[in-house]
Amino acid sequence: MFFLSYSLRWSACLYGGVLLAAMVGLFACSDVGAPCDSDGDCAAQQRCVGGGGVILARGGVCVLQVDDADDASDVDRDAGEDASDAGGDAGDTTDVDGGDADPQDRDTASDVDVSTCGEGTTDCDGQCVDTRSDPAHCGSCHTACGPETPVCDLGICVCEDPRSAEEICSDANVICGTAVDACGVSIGCDRCDGSAPLCAEGLGACVQCETASDCGDPQYYECQANQCVCTGNLYTVSSDNTVRMLDAQGNEQWRFEGHSDDVWGLAVDASGYIYTASFDDTARKLDAQGNELWTFSGHSTTVRGIAVDEMGYVYTASYDHTARKLSPDGNEIWRFEGHTDMVNAVAVDSSGDVYTASRDDTVRKLDAQGNQLWRYDGHTTHVWNVAVDLEGNVFTASSDGTVRKLNAGGNEQWRFEGHSGDVIGVAVDDAGNVYSAGADGTTRKLDSGGNEVWSFEGHTAWAKDVAVDWSGNVYTASYDNKMRKLNAEGEMQWSFDGHSDRVQGVAVDPGIFSAGFEGCDGQGD
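One structure accompanies this document, and this report is about it. As the structure is a prediction and not an experimental result, all values here were calculated from the model.

Rules of the game
- Residues numbered from 1 in each chain as written.
- Predicted model: local features only at pLDDT ≥ 70, side-chain atom pairs only at ≥ 80, totals over all residues.
- Heavy atoms only, no water.
- Phe/Tyr/Trp six-rings, centres within 6.5 Å; stacked < 30°, edge-to-face > 60°.
- Helix = DSSP H or I, 4+ residues; strand = E, 2+ residues; numbered from the N terminus.
- Buried < 20%, exposed > 50% of the residue type's maximum accessible area, 1.4 Å probe, protein only.
- Pairing = 2+ DSSP bridges.
- Axes fitted to C-alpha atoms, helices over the stretch in contact; angles between N-to-C directions.
- Salt bridge = Lys/Arg side-chain N within 4 Å of Asp/Glu carboxyl O.
- Disulfide = S-S within 2.5 Å.
- Polar contact = N/O pair within 3.5 Å; in protein donor to acceptor, adjacent residues only side chain to side chain.
- Contact = heavy atoms within 4.5 Å.

The next thing to look at is the packing of aromatic side chains. Counted by the stated rule, this structure contains 4 aromatic pairs. Ring centres 4.7 Å apart and planes at 50 degrees place the aromatic pair Trp264 and Phe279 in the tilted group. You can see Trp264 sitting in strand β17 (residues 263-268) and its partner Phe279 sitting in the loop between β18 (274-278) and β19 (283-286), a full 15 residues away along the chain. Relative accessible area serves as the criterion here: at 25%, Phe279 is assigned to the partly exposed category. Ring plane angle 50 degrees and centroid distance 6.5 Å describe the contact between Phe395 and Trp414, whose orientation is recorded as tilted.

This paragraph deals with the sheet that holds strand β37 (residues 463-468). Ordered by their spatial adjacency, 4 strands build an open sheet running β37-β38-β39-β40, and the pairing between neighbours is antiparallel. The sheet terminates laterally at β37 and β40 (492-496), the two strands that pair on one side only. The average angle at which neighbouring strand axes cross in this sheet is 20 degrees, direction not considered. Pairing of strand β38 (residues 474-478) with strand β39 (residues 483-486), which is carried by 4 bridges, proceeds in the antiparallel orientation. Looking at the pairing, Val474 lines up with Leu486 of β39.

We now examine the pattern of salt bridges. Throughout the structure, instances matching the rule amount to 21 salt bridges. Of the charged contacts, one joins Asp240 and Arg244 as a salt bridge, the two residues approaching to 3.1 Å between their closest N and O atoms. According to the relative accessible area criterion, Arg244 is buried, its value standing at 3%. The salt bridge partner of Arg502 is Asp501, with a shortest N-O separation of 3.9 Å.

Here the focus is the state of the cysteines. One pass over the structure, following the stated rule, counts 4 disulfides. The disulfide partner of Cys117 is Cys128, and the S-S distance across this bridge is 2.0 Å. Disulfide Cys117-Cys128: the torsion about the S-S bond is -85 degrees, which places it as left-handed. With Cys117 in the loop between α2 (108-111) and β6 (122-124) and Cys128 in strand β7 (residues 127-129), this residue pair connects regions lying 11 residues apart in the sequence.

Take the side chain of Ser399 next. Within the fold, Ser399 resides in the loop between β30 (394-398) and β31 (403-406). One polar contact links Ser399 to Trp384, side chain to side chain, over a distance of 2.8 Å. Within the local environment of Ser399, its side chain forms a polar contact with the side chain of Asp422, the two groups lying 2.8 Å apart. In this structure, Ser399 is in contact with Thr381, His382, Trp384, Asp422 and Val423, ignoring residues within four places of it in sequence.

Looking at the secondary structure, you find Gly450 in the loop between β35 (443-446) and β36 (452-456). For Gly450, a relative accessible area of 10% translates into the label buried. Between the C-alpha atoms of Gly450 and Gly432, which are 18 residues apart in sequence, the distance is 9.6 Å.

In sheet architecture, strand pairing relies on hydrogen bonds along the backbone and comes in two forms, parallel and antiparallel. An order of β21-β22-β23-β24 is seen for the 4 strands of this open sheet, with the pairing classed as antiparallel. Each edge of the open sheet is held by one strand with a lone partner, namely β21 (303-308) and β24 (332-336). When strand polarity is set aside, the average angle formed by the axes of neighbouring strands in this sheet is 20 degrees. One ladder, built from 4 bridges, connects strand β22 (residues 314-318) with strand β23 (residues 323-326); its direction is antiparallel. Of the residues in β23, the one forming a bridge with Tyr315 is Lys325.

For the rest of this paragraph, the subject is the side chain of Asn344. Tracing the sequence through the fold places Asn344 in strand β25 (residues 343-348). For Asn344, the side chain forms a polar contact with the side chain of Arg359, separated by 3.4 Å. Within the local environment of Asn344, its side chain forms a polar contact with the backbone oxygen of Val383, the two atoms lying 3.0 Å apart. In contact with Asn344, other than residues within four places in its own chain, are Arg304, Gly305, Ala317, Tyr319, Ala357, Ser358, Arg359, His382, Val383 and Trp384.

Here's what the structure looks like:
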């Protein structure tokens, strides 16, 4: 496909009787060469030659008026050829000086007997061609388009970019308001670089910022290197029995102290509600200010994992060997009792399918009613964690030291064996990159094929959990009592040291975007 713009089309510009080609904006060459309908559209001492509209490829052009008859004749021939080149009136015989039409003063197209070639075509050495679209005779006979401008459009040789707008947007460096194709034409896109959607909501451009307040909604944006970056509030849970909310810069905003034992599980939805799972055998829902809305006490022992879907339904994983679905009000809807050991983690996708990880060494997929769809038995010891992406691919973390990718049918696609101990946390972003946290104290980024991209080794104890935001920033929870923020290259940006015991979990607004839930622009993936 090719893209055309007024900014790319060529217009003939006459200056001092010399025909020039110039790249133009909406109007060519200021006044000289500008499109015109009549002499009134041109400046003083200029005439309109060609007429017929203001579209550059078809309209007349303003030319300098000259007094010498020979020069006028020359100008007229040039202007007439230019009008023909632009797809104009092939029969134009009007002199620039306004005199009567001279039958000898005609352009090439005028000499063609229209009875030989049909209307709209020109006789080029006995061949009837459309000079408006023929790249071998573009605008006039034997005027061939070159390799850099191979397409003949309305008699003008123009550039061609074979890529689609989507392909251009995926590669461009600055594509939030516009990207530019190979011909220089602006293409509208909705991202600011090839890896992260940095457009602030409602701003329609890659915002140059000084503070987060320049980026629109402060809940989801911060200012990094003068660019508005989608991030959001952060949440941590700890063995100090607290839940804490931090802003995007790592400053504590509030803490919840209602649990009576370690808090291990954590989830947040697109509305800012927070869900926690604790060794006090409860699951709880908090509002965006950290106030408790309800407590579910139906489990008979520790609640280890928790997840929430885009409708506000909550899913829990417990050491009582069950996974349960709760209503948005905290009432049990169903329970799954198929596991034979503790259920460590639970995840849910945008279709309502549920995924569980257990100390019975299995991963299982349940439908929205709690019926088992498949089980994966490939791990050699218990499975600590599970995550799911938009396509239903499943990612697992296990005490056998591996991270694995399963397809939507539960078949293993690849495994990563680079950790030297238990892999405890796993997350996935919308590009298919996978993040793992391990007992070897490292947090790692893998590409969509399971190849290691980087390893962060700044923890001084277990890396327990990991989360990733829309801009590729990574957040880790560690048994060294710290939560850390890493940039997309794995470099530490800051750490939060406010917890007095091990940090067990971390989450970031606005929910699990990789599973198809709402993101920074308020839309699903």
